Amino acid sequence: EDVKAYVPHFNGIYLINSHNGIKKTDLPSVDVEGDYPSVFAWLSKFKEKLVKRYDQGDHWTNLRNCAYLEEFSKPKIIYPNMTKFLPFAYDESEGYVCNDKAFIITGEHLKYLTGILNSTLWKFAFKERFPELLGDTREVRKVFFDKIPIIKPYGDFEEKIAGKVVEIVAAKKNGKSTAKLEREMDKLVFRLYALDYDEVKIIEPEFALTRWEYEK
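The structure contained in this document is the topic of the report that follows. (Residues numbered from 1 in each chain as written. Predicted model: local features only at pLDDT ≥ 70, side-chain atom pairs only at ≥ 80, totals over all residues. Heavy atoms only, no water.)

**A few points about the overall build of the chain**
Part 1 of the reasoning: Counting secondary structure elements, the chain contains 10 helices and five strands.
Part 2 of the reasoning: The dimensions of the chain, computed from C-alpha atoms along their principal axes, are 70 × 35 × 30 Å.
Part 3 of the reasoning: Per-residue burial for the chain yields a buried fraction of 36% across its 216 residues.
Part 4 of the reasoning: Contacts spanning at least 24 positions in sequence make up 58% of the contacts within the chain whose residues lie at least 6 apart.
Part 5 of the reasoning: Surface summary for the chain: the accessible area is close to 13,600 Å², and the carbon and sulfur share equals 55%.
Part 6 of the reasoning: Here the chain contributes 34 positively and 35 negatively charged side chains, and the mean placements of these two sets differ by 2 Å. (Helix = DSSP H or I, 4+ residues; strand = E, 2+ residues; numbered from the N terminus. Buried < 20%, exposed > 50% of the residue type's maximum accessible area, 1.4 Å probe, protein only. Contact = heavy atoms within 4.5 Å. Areas by Shrake-Rupley, 256 points an atom, 1.4 Å probe, with all protein chains shown as cover. Lys, Arg positive; Asp, Glu negative; His and termini not counted. Charge placed at Lys NZ, Arg CZ, Asp CG, Glu CD.)

**Topic: the nonpolar core**
The nonpolar side chains of a soluble globular protein tend to be buried with one another.
Part 1 of the reasoning: Residues F88, W122, F145, I161 and F190 are the most contacted members of the largest nonpolar core, which totals 38 residues.
Part 2 of the reasoning: Those elements giving two or more residues to this core turn out to be β1 (76–80), α4 (110–117), α5 (120–126), α7 (157–173), α8 (179–192) and α9 (197–203).
Part 3 of the reasoning: Leave out the neighbours within four places in its chain, and F190 touches L121, L195, V200, I203, E204, F207 and Y214.
Part 4 of the reasoning: Grouped together as the second largest cluster of nonpolar side chains are six residues, V3, A89, C98 and A102 included. (Core = buried A, V, L, I, M, F, W, Y, C linked by side-chain atoms within 4.5 Å.)

**Section: the state of the cysteines**
Part 1 of the reasoning: As enumerated under the stated definition, the model contains zero disulfides in all.
Part 2 of the reasoning: Unpaired in terms of disulfides, C66 finds its nearest cysteine sulfur in C98, a separation of 10 Å.
Part 3 of the reasoning: Among the residues examined, C66 registers a relative accessible area of 27% and is labelled partly exposed.
Part 4 of the reasoning: Residue classification places C98 among the buried positions, given a relative accessible area of 18%. (Disulfide = S-S within 2.5 Å.)

**Some points on the sheet that holds strand β3 (residues 89–91)**
Part 1 of the reasoning: Pairing within the open sheet is antiparallel, and its three strands lie in the order β3-β1-β4. Taken across any chain shown, the strands that pair with only one partner, and hence form the sheet edges, are β3 and β4 (102–105). Shown here is a sheet whose adjacent strand axes are inclined to one another by a mean of 30°, direction ignored.
Part 2 of the reasoning: As defined by bridge partners, β1 adjoins β4 across four bridges and the pair is classed as antiparallel. Looking at β4, one finds that I78 is bridged to I104.
Part 3 of the reasoning: Across the sheet, α4 touches β1, β3 and β4, and the angle it forms with β1 is around 30°. (Pairing = 2+ DSSP bridges. Axes fitted to C-alpha atoms, helices over the stretch in contact; angles between N-to-C directions.)

**Description of the packing of aromatic side chains**
Part 1 of the reasoning: Here the structure, examined in full by the defined rule, presents 19 aromatic pairs.
Part 2 of the reasoning: Ring centres 6.0 Å apart and planes at 45° place the aromatic pair Y197 and Y214 in the tilted group. Remark: Y214 occurs in helix α10 (residues 211–215) and Y197 occurs in helix α9; sequence separation between them is 17 residues. Accessibility assignment for this pair places Y197 and Y214 in one class, buried.
Part 3 of the reasoning: By the ring-pair criterion, three or more aromatic residues cluster together here, those being Y79, F88, F103, W122, F126, F130 and F145. (Phe/Tyr/Trp six-rings, centres within 6.5 Å; stacked < 30°, edge-to-face > 60°.)

Okay, here's the thing in structure tokens:
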């Protein structure tokens, strides 16, 4: 529930990532006993079971090696594995780490993808591609997600959509309403996919723009 559209909601909950280090960059494993004595004392109550784990690191308090550990510190898109709302959050500098109830996307064109994935058109076109669980909740797993095509940007659409994402993220972080900005994002995505006004009204009957405002 902390993954919201465009911006993650930090709920004051921290995750101590007791990783096993990264050998290729000489990043050492986390010293839980030395750096987090309270956590170590609590874990010690369960040591007998924890030392039997097959997936532990160099020390029984460390997690196993993680090939994508460094990806969390990169710009990324975060999305939940089960959701009613299909929110996609953009994290450029906070370095958020998620548990196994969420996924991340790293790589190129992230702002562009964030705008597309949060748009009304994308949800309208692709929501049914994800299996429905209880109460219209959708399972947004990679096996379903990576089969969905996203149009390649052309002209100046990527620049415009990425710029609008920056505006929306900044406004949300400052507690401002983003309704107008998100309507503008929807317009950009509709135009990107070359939808005419009548097609837009089928997808979103309460679309706020007039025909003239949309087509100008």
